[in-house]
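Structural features, examined
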Amino acid sequence: MGEGGGFRPPEQHEREQWMETALSMAKEALENGEVPVGCLMVYRNEILGQGRNEVNETKNATRHAEMVAIDQVLEWCHQRDRDQKEVFEQVVLYVTVEPCIMCAAALRLLNIPLVVYGCENERFGGCGSVLNISKDDLQQTGTPFQCIGGYRANEAVELLKTFYKAENPNAPKSKVRKKQ
Ligand SMILES: [Zn+2]
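Residues numbered from 1 in each chain as written. Predicted model: local features only at pLDDT ≥ 70, side-chain atom pairs only at ≥ 80, totals over all residues. Heavy atoms only, no water.

**Digging into unusual backbone geometry**
In the Ramachandran plot, Arg 44 falls in the positive-phi region, its phi being about 45° despite a non-glycine side chain. Backbone geometry places Asp 81, a non-glycine residue, at a positive phi of 55°. Along the polypeptide, Asp 81 turns up in the loop between helix H3 (65-80) and helix H4 (84-88). (Helix = DSSP H or I, 4+ residues; strand = E, 2+ residues; numbered from the N terminus.)

**Observations concerning the coordination of the zinc ion**
Every protein donor of the zinc ion is listed here as His 64 (ND1), Cys 100 (SG) and Cys 103 (SG), and their distances to the metal cover 2.0 to 2.3 Å. Expressed as a motif, the donor residue spacing for the zinc ion is H-x35-C-x2-C. Pair noted here: His 64 is in the loop between helix H2 (55-58) and H3 and Cys 100 is in the loop between strand S3 (91-97) and helix H5 (101-109), with a separation of 36 residues, a long-range link. Owing to a relative accessible area of 8%, Cys 100 belongs among the buried residues under this scheme. (Donors = N, O, S within 2.8 Å, 3.2 Å for Na, K, Ca; no water. Buried < 20%, exposed > 50% of the residue type's maximum accessible area, 1.4 Å probe, protein only.)

**Overview of the packing of aromatic side chains**
The final tally for this structure, using the stated rule, is 3 aromatic pairs. With a centroid separation of 5.1 Å and 85° between ring planes, the pair formed by Phe 163 and Tyr 164 is classed as edge-to-face. In this structure, Arg 123 is placed above the aromatic ring of Tyr 164, and the distance from its NZ or CZ to the ring centre is 4.3 Å. (Phe/Tyr/Trp six-rings, centres within 6.5 Å; stacked < 30°, edge-to-face > 60°. Lys NZ or Arg CZ within 6 Å of the ring centre and 35° of its normal.)

**Side note on the sheet that holds strand S2 (residues 46-52)**
Backbone hydrogen bonds are what pair the strands of a sheet, in a parallel or an antiparallel way. In space, the 5 strands of this open sheet follow the order S2-S1-S3-S4-S5, with mixed pairing throughout. Because the sheet does not close on itself, it has two edges, and the strands there are S2 and strand S5 (146-148). Direction aside, neighbouring strands of the sheet carry axes that sit 20° apart on average. Across 5 bridges, strand S1 (residues 38-43) lies against S3 in antiparallel orientation. Bridge assignment links Met 41 to a residue of S3, and that residue is Leu 93. (Pairing = 2+ DSSP bridges. Axes fitted to C-alpha atoms, helices over the stretch in contact; angles between N-to-C directions.)

This is the structure:
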């Protein structure tokens, strides 16, 4: 059995501190022409994964911040020969925007217990906004996880607004995406 001791949920001041770092990742995404979402995966007070959206850079629609961070945690486990199940069961995800349906399903499959997020994801949210993947009774799809939203939500929304304003049809042609 692991290293003793179960999962300890973070206290309020810890959540705020980690969200600060996630927001700086989101700002970096914006500066690089990506949907401004940033996230961290924290295991026992240590950052094992740190991601921002990389969809445009990689031309791969699945490279959301959460997926980037998941890959880093897997690599961390691999390098240390750690059991990924044991690790993910004690990871807290901090993300500036509510995880989408795809990412919420991935978090279930990894048995991540807790997600702390900023603003809601009205277009694709998988933790209540569009579907409730986090809580639904999906017996073949991992375990439900707890969500705590609203951390630095205004700043997270402002970043998204800035991004989508730059992407509007009046933007220079090179910035308009050709495909849906
Ligand atoms: Zn996603």
